[in-house]
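Listed below are the residues making up each chain.
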Amino acid sequence: MLCHEEIEPEISWRSFLGKDQAPKICTECKDSFAPITGEKCEICGRPFDFLEEEYRIGNICMDCKRWEENEEWSGSLDKNRSLYRYTDFTKEVIARFKFRGDYVFADIFTEDIKTVLQAFQYDYIVPIPLSDERLYERGFNQSEALIKAAGYTPTHLLTRIHSEKQSKKSRDERIQIEQVFKMAEGVEIECKTILLFDDIYTTGSTLRHAAKVLKQNGASKVMSLTLAR
Amino acid sequence: MRFLIKEGKLIPKLDSSDDETTFSISNLPEIPQLSTNPFFEYNPELQKMLAGKQLLIDELPFTIDEIQAHYENGYLVYRKGIQKQENRPHGSSGVTEKHTNLPRICVRCGTSDESWFGEFPCARCGERDIYCPKCLMMGRVSECTPLVCWVGPESDFPVVDRPLEWAGSLSEGQQVASQRVLDAVKTTSELLVWAVAGAGKTEVLFAGINEALTSGKRVCLATPRTDVVLELTPRLKKAFPQTKIASLYGGSEERHEFTQLTIATTHQLLRFYKAFDVMIVDEVDAFPYSIDETLQYAVQQSRKLDSSLIYLTATPSKQWQKECRLGKRKYVTIPARYHRHPLPVPKLEWSGNWEKMLTKGKLPANIIKWIETRQASRRQALLFAPKIASMEKILPILRKMDPLIESVHAEDPDRKEKVMKLRNKEIPILLSTTILERGVTFPNIDVAVIGSEDRIFTESALVQIAGRAGRSADFPTGEVVFFHYGKTEAMLSARKQIEMMNKEGIKKGLIDV
């Protein structure tokens, strides 16, 4: 699906008995996604293998320490996990999926998302919403597409107020920006555990904004999962 | 997006809040076209950008209200982005049901293979929508996406008396072909120019392009490869210095220019619609044009119904060769190079199971000997291998003979540098995949193919490879050998084609014997 080469199926007893689904992408493409493994920041899931020693403070990274030291943001997001490092390859695939709008690319991640979701316990899985303008422009919400492709049901607890594209802003601008999310009408999340879902974790600002609104409205725990970081 | 039909007009509805019945454009049985209002003041910027094009609303930097005003006054039309090929009415509603398995075609790129299409819940039309991933990189075309085309008056090009400023001269063979191209332009007909590698094809076009430009026609020179667009652009700008020329390829800046002469990759033609009076397609046999129906579709729909179509190639397909022989296709050959020497004829040499020998770290003796002969006489060589994998096994063996030997393939980041080094004689032998089969010229080299029986070496690939040798007037000869493990039809046909061209060249007095 990615390289449009023919896929040579791996022959195993499982495939012989029809237990495996036909792979969407070839092994070579699959290996090109760099999965996050090894030691990582306890909060944001950043792999320590690729981080200079000086930016690591015990079991968390410098960025998360800064977030946690800030009264306004401390404890907003309990934990983030990401599937892959944001390498050039992953970046290209996500760009084709989300900006060019190749919806069927969501299927590529189905297996990995299913596997990782088993490790989470939550009441609702919530895609980071797009503003109406952005949704019209793209035609679909990429986070929602990924959740659905993996066979889960997204719950829409949040709505987004339209603003400039995140990718055009610096870290400080993103962090200082006023509230971009608000609660959808008529939902009750008292003492619930929420799992947010987004495609990319960059500064963690989007997810913390969303998490903060959820916590202010009674959520007991807010975690997040992203494809890449 | 959705449309409302009101008073015989399509009206775009961006919000679906109303109760009125709206449609996705592909579900409309027919699209109303409106007559042109001569008193309407159209926007000349929109005209420039849209004339001869088919674009998505998202590609146009104008408001939907302005676009709609041009539609309502008959200056542009909305066309279906994806057309359902049969419009069987479903039930009594008269509107076709969306998800029956009707065959579809992407109107922009011509894809009709069902396995290509993708489905998604579209926020613009609020339905399950079908889109075309094949041409997605040019913006998503889906069943609810209209293509916008200009139908208003076209602006004229500034008249130039003598657009061609070229002082060079043509060889005898070139002159004949040049005259035929000129005729094809004048009579808006079709022509195949079959010119051997190194004949000087580009110059043959100048007179024809000149004629088209002086008579106010719009000309396109299309080629499958970006490299060729980049190479041709400065040459044509020099030959036609007063003419505005757009050079289009993936990532180029000149997308919205309205020019009389366009040089484009065949892929970029997908944005054009009934635009050109003269369409010239260079290297028709070259990947990806030869195998990609999308690009053939692009050529057809971007030219006007009444237009000239000129193909240039060194190696027409079997089918086309046959049509030429049977007189079903108009063609002209340039059977000889401008330097009046014959093309080097490839030798076929059996080299046994070379792949098996490679697994033992060895090369067949006759290949080794061939390389030693080049070394002894200090001649440079291009060596072709069918796959990157086999190339990687061959390279270490060759490096033992000479550590300066290099290899190159499509994804090699140093591709350009290595080609330069061969040209500067810093590399004695360059090992390559078919990536160097065409377009690159080295003045004085010998050429060999290892494993020429591989199916990647088609007749046209082999003719092109052989065409690398003996290019310059100073060194008009060179040796070409196909080392094989069993002769293929392609190898024999390639040799025959080259011999036939030489014979014709001698007969026509274009080669000195």
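Now for a description of the structure that goes with this document.

About the criteria used
- Residues numbered from 1 in each chain as written.
- Chains lettered and ligands numbered in written order.
- Predicted model: local features only at pLDDT ≥ 70, side-chain atom pairs only at ≥ 80, totals over all residues.
- Heavy atoms only, no water.
- Pairing = 2+ DSSP bridges.
- Helix = DSSP H or I, 4+ residues; strand = E, 2+ residues; numbered from the N terminus.
- Contact = heavy atoms within 4.5 Å.
- Buried area = accessible area lost by both parts, 1.4 Å probe.
- Salt bridge = Lys/Arg side-chain N within 4 Å of Asp/Glu carboxyl O.
- Polar contact = N/O pair within 3.5 Å; in protein donor to acceptor, adjacent residues only side chain to side chain.
- Nonpolar A, V, L, I, M, F, W, Y, C, P; charged D, E, K, R; others polar.
- Core = buried A, V, L, I, M, F, W, Y, C linked by side-chain atoms within 4.5 Å.
- Buried < 20%, exposed > 50% of the residue type's maximum accessible area, 1.4 Å probe, protein only.
- Domains from an automatic or database assignment.
- Phe/Tyr/Trp six-rings, centres within 6.5 Å; stacked < 30°, edge-to-face > 60°.
- Lys NZ or Arg CZ within 6 Å of the ring centre and 35° of its normal.

For the rest of this paragraph, the subject is the sheet that holds strand E4 (residues 55-56) of chain B. Residues and elements named next belong to chain B. One open sheet holds the three strands; their spatial order is E4-E10-E5, and the pairing between them is antiparallel. The sheet is open, and its two edges are formed by E4 and strand E5 (76-80), each paired on a single side. Examined bridge by bridge, E4 and strand E10 (residues 146-150) share two bridges and lie antiparallel to one another. When the sheet's bridge partners are listed, Leu56 is paired in E10 with Leu147.

Quick look at the interface of chain A and chain B now. Taken together, the 13 residues of chain A in the interface contact 15 residues of chain B. In total, about 1,300 Å² of surface goes out of reach between chain A and chain B, with carbon and sulfur atoms giving 53% of it. Considering only the surface of chain A that becomes buried against chain B, A:Arg100, A:Tyr103 and A:Tyr136 emerge as the three largest contributors, covering 46% of it. The tally of links between chain A and chain B comes to zero salt bridges. Between chain A and chain B we count ten residue pairs in polar contact (both at pLDDT 80 or more) in total. Considering every element that reaches the side of chain A that touches chain B, the biggest residue donor is helix H6 (residues 132-138) of chain A, with four residues. Grouping the amino acids of the side of chain A that touches chain B by side-chain chemistry returns five nonpolar, three polar and five charged.

Right, let's talk about the nonpolar core for a bit. Residues and elements named next belong to chain B. Counting 62 residues, the largest nonpolar core has Val193, Ile209, Leu236, Ile280, Ile310 and Leu436 as the members making the most contacts within it. Considering each element in turn, this core owes the most residues, six residues, to helix H4 (residues 201-214). Taken domain by domain, this core gets at least three of its residues from each of domain 2 (172-334) and domain 3 (347-507). Those residues within four positions of Leu436 in sequence are excluded, and the remaining contacts are Leu382, Phe384, Val408, Val419, Leu430 and Arg468.

Phi angles above zero are rare outside glycine, and A:Cys191 is one such case at about 60°. At B:Arg340, a position not held by glycine, the phi torsion is positive, near 65°. Looking at where B:Arg340 falls in the secondary structure, it is placed in the loop between strand E17 (331-334) and strand E18 (347-350). Accessibility expressed as a relative area gives 25% for B:Arg340, which makes it partly exposed.

Turning to the packing of aromatic side chains, a few remarks are in order. Per the stated rule, a full pass over the model turns up 24 aromatic pairs over all chains. Pairing A:Phe33 with A:Phe109 gives two aromatic rings, centres 5.5 Å apart and planes at 70°, and the pair type is edge-to-face. Of the two residues, A:Phe33 sits in the loop between helix H2 (27-32) and strand E1 (56-57) while A:Phe109 sits in the loop between helix H4 (88-98) and helix H5 (110-117), which places them 76 residues apart along the sequence. You'll find A:Phe33 and A:Phe109 in the same group, each marked buried. Both rings, one in B:Phe120 and one in B:Tyr131, keep their centres 5.4 Å apart while their planes meet at 85°; by these two values the pair is edge-to-face. Remark: B:Tyr131 occurs in strand E9 (residues 128-131) and B:Phe120 occurs in strand E8 (residues 118-121); sequence separation between them is eleven residues. Note on accessibility: B:Phe120 and B:Tyr131 belong to one class, buried. Among the aromatic side chains, those forming a connected cluster through ring pairs are A:Phe97, A:Tyr103, A:Phe140, B:Phe120 and B:Tyr131. For B:Arg79, the ring lying beneath its charged end belongs to B:Tyr273, and the centroid distance is 3.7 Å.

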